[in-house]
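If you want the building blocks of each chain, they are given just below.
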Amino acid sequence: MLKAFFLSSILILPGIVNAATYFQSDVDIASIASFSSNRPADSSSNNTVRLEVPGKTWGEPCGTVAYIDGDDKNLISTLYTAWSMGKRIDIEVDSTEAVGNKCKVTFIKMVK
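The shown structure was predicted, so the numbers you read here are calculated from the model rather than taken from an experiment.

Relative to the assigned elements, Asp 90 resides in strand E5 (residues 88-99). One polar contact links the side chain of Asp 90 to the main-chain amide nitrogen of Asp 26, over a distance of 2.9 Å.

This is the structure we're talking about:
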């Protein structure tokens, strides 16, 4: 029993140690792309909204494109409101649930 716990800790901890959140302020959104909940050609993007923020880099493995889960309606609403009003945003992404080099958005604040 103790050996199994120790082994599972070794397998799980590396993912936890490498996880990080990254914050950028005063970000200008370059583009937004929305994906269907059923997209056979690229199922990794199913039910997501992706945003591109060129010129802003987060830490590894995050690139300049981040994604919002389709169930995060409050984040999507804030994003589209900022986009339609031409506002900049403050944004935080989390590498825990990265898909390739796209990290998950966990916070958005519209900047006046």
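Having seen the structure, we can now continue with the description.
Okay, the packing of aromatic side chains next. Counted by the stated rule, this structure contains one aromatic pair. An angle of 40° between the planes, with centres 6.3 Å apart, marks the rings of Phe 23 and Phe 107 as tilted. With Phe 23 in strand E1 (residues 21-27) and Phe 107 in strand E6 (residues 102-111), the pair connects residues that are 84 residues apart, well separated along the chain. Judged by relative accessible area, Phe 107 falls into the partly exposed class, the value being 35%. Over the aromatic face of Phe 35 sits the side chain of Arg 50, whose NZ or CZ is 4.9 Å from the ring centroid.

A few words now on helix H2 (residues 73-85). Between its first and last C-alpha atoms H2 spans 18 Å; for 13 residues at 1.5 Å apiece the expected length is 18 Å, and the two agree. All of the buried residues in H2 are Leu 75, Ile 76, Leu 79 and Ala 82. For H2, the arc enclosing every buried residue in end-on projection is 135°, short of the 170-degree limit, so these residues lie on one face. Turned more than 90 degrees off the buried face of H2, the exposed positions are Lys 73, Asn 74 and Ser 84. Trailing H2 by a residue or two, Gly 86 shows a phi angle of about 70°, which is positive.

Tracing the backbone through its elements, the reader meets Ser 25 in strand E1. We classify Ser 25 as partly exposed; its relative accessible area is 38%. For Ser 25 and Ile 108, which are 83 residues apart along the polypeptide, the C-alpha to C-alpha distance reads 9.7 Å. Excluding its chain neighbours within four sequence positions, the residues that come into contact with Ser 25 are Lys 56, Ile 89 and Asp 90.

Right, let's talk about unusual backbone geometry for a bit. Peptide bonds are, in most cases, trans, and in most cases residues other than glycine have a negative phi. Cis geometry marks the peptide bond from Glu 60 to Pro 61, where omega comes out at 5°. Of note, Pro 61 is situated in the loop between strand E3 (48-52) and strand E4 (65-69). Residues other than glycine seldom take positive phi values, yet Asp 26 does so here, at roughly 55°.

This next bit is on the confidence of the model for the chain. On average, the chain scores 84 in pLDDT, and the residues at 70 or more come to 84%. By mean pLDDT, helix H1 (residues 2-18) is the weakest element of the chain at 43, and H2 is the strongest at 96. Segment residues 2-17 is flagged for pLDDT under 50; beyond a separation of four residues in sequence, or across chains, it makes one contact in the model.

What counts, and where the lines are drawn
- Along each chain, residue indices are assigned from 1 in the same order as the chain's sequence is written.
- Totals for whole chains, interfaces and linings use every residue, but because this is a predicted model, local features are given only for residues with pLDDT of at least 70 and side-chain atom pairs only at 80 or more, for both listing and counting.
- Side-chain metrics rest on all non-hydrogen atoms present in the structure, leaving aside hydrogens and water.
- Helix and strand definitions here come from DSSP, where helices need a minimum of 4 consecutive H or I residues and strands a minimum of 2 consecutive E residues; each element is numbered from the N-terminal end.
- For the purposes of these results, a polar contact is taken to be a pair of N or O atoms within 3.5 Å, where, inside protein, one atom must be able to donate a hydrogen and its partner to accept one; residues adjacent in sequence count only when each atom of the pair is a side-chain atom.
- Any Phe, Tyr or Trp ring, taking Trp's six-membered ring, that has another such ring centre within 6.5 Å forms a pair; planes under 30 degrees apart are called stacked, those over 60 apart edge-to-face, and the others tilted.
- Classification of residues uses two cut-offs on accessible area relative to the type maximum, computed with a 1.4 Å probe and protein chains only: under 20% is buried, over 50% is exposed, and between them is partly exposed.
- Sitting over a ring, as applied to charges here, requires NZ of Lys or CZ of Arg to be within 6 Å of the ring centre and within 35 degrees of the ring normal.
- A helix's residues, less one, multiplied by 1.5 Å, set its expected span.
- Arc, as used here, means the arc of the directions from the helix axis to the C-beta atoms.
- Here, residues are in contact when the closest pair of their heavy atoms is within 4.5 Å.
- On a scale of 0 to 100, pLDDT captures the predictor's confidence in every residue.

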